[in-house]
Amino acid sequence: MANATNGTSLVVRIDGLSCGSCAARAQKALAAIPAVQAADVNLANERGTIRFDGAADARAVREALDAAGYPARTSTATLDVEGMSCASCVGRVEKALRTLPDVIDANVNLATQTVRVTWLEGEHSIRDLAHAVSDAGYPATPQEPDAPREDPQERRSTEARTLARRVLLAAALALPVFVLEMGGHMVPGFHDWIAATIGMQTSWLIQFALTTVILLGPGRQFYATGIPALLHGRPDMNSLVALGTAAAYGFSVVATFLPALLPEGSLAVYYEPAAVIVVLILVGRWLEARAKGRTGAAIHRLLSLQARTAMILRDGELVEIPIEDVRQGDIILVRPGERIPVDGAVTEGESHVDESMITGEPLPVRKTPGDDVVGGTVNAAGSFRFRATRVGADTTLSQIIAMVEEAQAARLPIQGLVDRITLWFVPAVMAAAVVTVLVWLLIGPAPVLSHALVAGVAVLIIACPCAMGLATPTSIMVGTGRAAELGVLFRKGDALQSLQGIDVVAFDKTGTLTEGRPELTDIELAPGQDENDVLRIAAAAESASEHPIAQTILRAARTRGLDLPEVSGFAALAGHGLRASIEDQAVLIGTERLMSGEGVALGGLDASAARLGAAGKSPLYVAIGGQAVAALAVSDPLKPTTRAAIAALHEQGRRVAMITGDNRATAEAIAAEVGIDHVVAEVLPEGKVAALDSLRGGGRRVAFVGDGINDAPALAHADIGLAIGTGTDVAIEAADVVLMSGDLRGVVNAFDISARTMRNIRQNLFWAFAYNTALIPVAAGVLYPVAGLMLSPVLAAGAMALSSVFVLGNALRLRRVAAPLPEQGSGGGGHPVPQPAPAE
């Protein structure tokens, strides 16, 4: 992914991330690569984003992550390539692949006409690589087909199933260990019975064998990751688990096979804590994996909207091909009930298309030749053909998915605090464990060594910073995913947090607060006149005019299904109106000056026109046969949801402003009607920027909502820019947040989901920090002198696992957030992400 101003960006998937300190260390390793501007690692979706000054260095990224103990996921595949005939062809193919930022290596075999390519997973599929080679002039196809885009939910489901199998195996092996060691605490005389039957030494040998299998089998992952991290001076959560269980296991092995080495009175085994700790932490990770799978539900639903194949016209015949092979300019057939595969323009036929995934509107939209269609929307009845205009990553749906993924991978400012804490937290915990052991050895009661071991292991286990690392990214993933379902896309992740500091929301008028085109809003009749008859004659007279107001009156007549009579003697009167003859009657339509000049008495209609003008509308008169019959008013009407949205913003404690280039009278009238606090009118685009600066007085932070090209400077200049998704691409590119439909209730929903997500993050962080702060001293044994209580390592492991599950469960509550102002057509649940159509 190239960036014109910031060099090159690279997205990579990372293995081995299990806590916040892991993510922080992986991020630190990436940031240390020469030419890296910035690096972000997200624990929840296990992705790293690296920005380089110049060209990306995929090999350096892989080497840095490997050295840090968090390997990057790589894929290797073979492409069949056509048209290669010499060494220069080989060079061009290799160059086409190696210019992609995530390609590590590409080796062409001219004899077999193949290329073997290795790349970092995260941004491109093998089909993307094949397209790069084809674009270089050498048609390429993968030898083995693969999915166009990895489904993260399926990968996490696989991870959860793998962990479930490990949990079952570890639990089955740990149960006899638990019974043999803890049975005496639950059943009186149990230990005496064991001693009298198999003997305590045999019991310890059985526990040793079972625990060894657990640690070398299901628990091996803690040692494989934690010990190297410790040796490299970068201890993580796995290091804590590995040290704690190894200490308990090692002490028990000495007690079992070399008891003479231990002081008198300290002979005991701790196989049971080592075994059960592994089980409990694996259970916690299994529950985390299941919950993390649900955090990506929004992306999963968006992915389900993509068609898998397309029926295209090739050489006069219809051929069904994978969606990845569709090219710009292809003619595609869409049959009733099918999902439209890519963006395009209708060339033949007509139908109605369900576009609710984009607009939120429930009614299908009629499509005829020349109309645009959007990939992922559903064709209702009718069949049509269209020309593909945007394919692959350029389609609207792909861009939506990319925006949601980018927002979910965002690193909010609040995360910086968490990262700084987790970087020193694990070493601090290890130091605390050492101090705990020393204190117990110096002043603890007999058996001193046993008490010291239990306390040290409990400190190591209780302090695993999983909950801290998961607190922020899981809430971001769920919150931004739910926001997408409500029609709010966060283009820039930090906007999710920054929205909470907004004091003033400034709106553009035309196309944002209003519909964006004039409509006939009022017909005031003289006594004895019929509204439809007056409108029928006025529309007939205007049918010969190209003036925008004429088109407005014509639309109103067509909406009512009125038949228009013939027109003769039409004459446009510049600046005044028009004259025409209809049904042998002279018709005048225009200003008060026109009526006065023609000697037409207005009667009481002039008072009506004055009232309409004061309301910010444009009045004009209709005279038939020399008699004034009506006063019409034309205006750009407010969107139906404008009043509700502004009222809701006031309830949130925010001030509302309007910044418009329209005249002050119209702007003031609209502001009075809907309750806007501050109006800036008659300004050019650069004037909107200056108006934002004036609104910032007193340290206030300002958000701007707009939709047009002329709004782009203000959207970029505001503290937060919110673009109406039905507006221009320029406005959307300049914004921080995109509202998928033109419904202003999306602004309220954006503030609401931001507030709920940030509150959820603070709840998670409080729980994680409070948990560690409170329980580390308990694990160290501060309650023992007072109450004789010590925290068992087993209980510490259970509490640690529960803290992570609590944080994940709290984050998942955001999936059930209801929109405070549901958008139109959403059925009360927010902006829909529809399920796939029955016919694919």
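On a predicted model such as this, the values are computed, not experimentally measured, just so you know.

Engineer: Is there a simple way to explain the sheet that holds strand 11 (residues 331-334) in this structure?
Structural biologist: Whenever strands of a sheet pair, they do so through backbone hydrogen bonds, lying parallel or antiparallel. The sheet built from six strands is open, its strands ordered 10-9-11-17-12-15 with antiparallel pairing. Every other strand in the sheet has two partners, leaving strand 10 (317-322) and strand 15 (372-373) as the edge strands with one partner each. Examined bridge by bridge, strand 9 (residues 309-314) and strand 11 share two bridges and lie antiparallel to one another. By the bridge assignment, Ile-312 is partnered in strand 11 with Ile-332.

Engineer: Before we go on, may I ask you to explain the pairing of strand 25 (residues 627-635) in this structure?
Structural biologist: Summarising burial for strand 25: eight of the nine residues are buried, a large majority. One ladder, built from six bridges, connects strand 20 (residues 519-525) with strand 25; its direction is antiparallel. Counterpart to Ile-523 in the pairing with strand 25 is Leu-632.

Engineer: For this particular structure, what's the right way to read the sheet that holds strand 29 (residues 720-724)?
Structural biologist: Sheet architecture is open: seven strands sit in the order 18-30-29-28-19-26-27, paired in mixed fashion. Edge positions in the sheet fall to strand 18 (488-490) and strand 27 (678-680), since each of these pairs with one other strand and no more. Going from strand to strand, the sheet's axes swing by 20° on average, the running direction of each strand aside. Note: strand 19 (residues 504-507) against strand 26 (residues 655-659), four bridges, orientation parallel. Residue pairing across strands places Val-505 opposite Val-656, the latter belonging to strand 26. Against the sheet, helix 28 (residues 745-780) contacts strand 18, strand 19, strand 28 (702-706), strand 29 and strand 30 (737-739), and its axis sits at roughly 55° relative to strand 18.

Engineer: Explain helix 28 here, please?
Structural biologist: Working note: α-helix, 3.6 residues per turn, so residues spaced by three or four point in the same direction. Here helix 28 contains 36 residues, and its C-alpha end-to-end distance of 53 Å stays within 8% of the 52 Å for a straight helix at 1.5 Å per residue. Where helix 28 terminates, the next one or two residues include Gly-781, which has phi positive at roughly 105°.

Engineer: How should the packing of helix 1 (residues 20-31) against helix 2 (residues 58-68) be read in this particular structure?
Structural biologist: In a pair of packed helices, the angle between the axes and the distance between the axes together describe the arrangement. Remark: helix 1 packs on helix 2, axes separated minimally by 9 Å, with the N-to-C direction vectors making an angle of 140°. For the element pair helix 1 / helix 2, the angle class is oblique. Considering the relative orientation of helix 1 and helix 2, their crossing is right-handed. Listed contacts from helix 2 to Ala-26, Ala-29 and Leu-30 of helix 1 are Val-61, Ala-64, Leu-65 and Ala-68.

Engineer: Looking at this structure, how should I read the packing of helix 19 (residues 531-542) against helix 20 (residues 548-559)?
Structural biologist: At a minimum axis separation of 9 Å, helix 19 and helix 20 run at an interaxial angle of 135°. Overall, the two elements helix 19 and helix 20 adopt an arrangement that is oblique. Remark: the crossing between helix 19 and helix 20 carries left-handed chirality. Contact residues: Leu-535, Ala-538, Ala-539 and Glu-542 in helix 19; Ala-550, Ile-553, Leu-554, Ala-556 and Ala-557 in helix 20. Partitioned by chemical class, the residues of the contact of helix 19 with helix 20 number eight nonpolar, no polar and one charged.

How each quantity is defined
- Residues numbered from 1 in each chain as written.
- Predicted model: local features only at pLDDT ≥ 70, side-chain atom pairs only at ≥ 80, totals over all residues.
- Heavy atoms only, no water.
- Pairing = 2+ DSSP bridges.
- Helix = DSSP H or I, 4+ residues; strand = E, 2+ residues; numbered from the N terminus.
- Buried < 20%, exposed > 50% of the residue type's maximum accessible area, 1.4 Å probe, protein only.
- Axes fitted to C-alpha atoms, helices over the stretch in contact; angles between N-to-C directions.
- Contact = heavy atoms within 4.5 Å.
- Expected span 1.5 Å × (residues − 1).
- Parallel < 35°, antiparallel > 145°, perpendicular 65-115°, else oblique.
- Left-handed = near helix turned anticlockwise from the far one by under 90°.
- Nonpolar A, V, L, I, M, F, W, Y, C, P; charged D, E, K, R; others polar.

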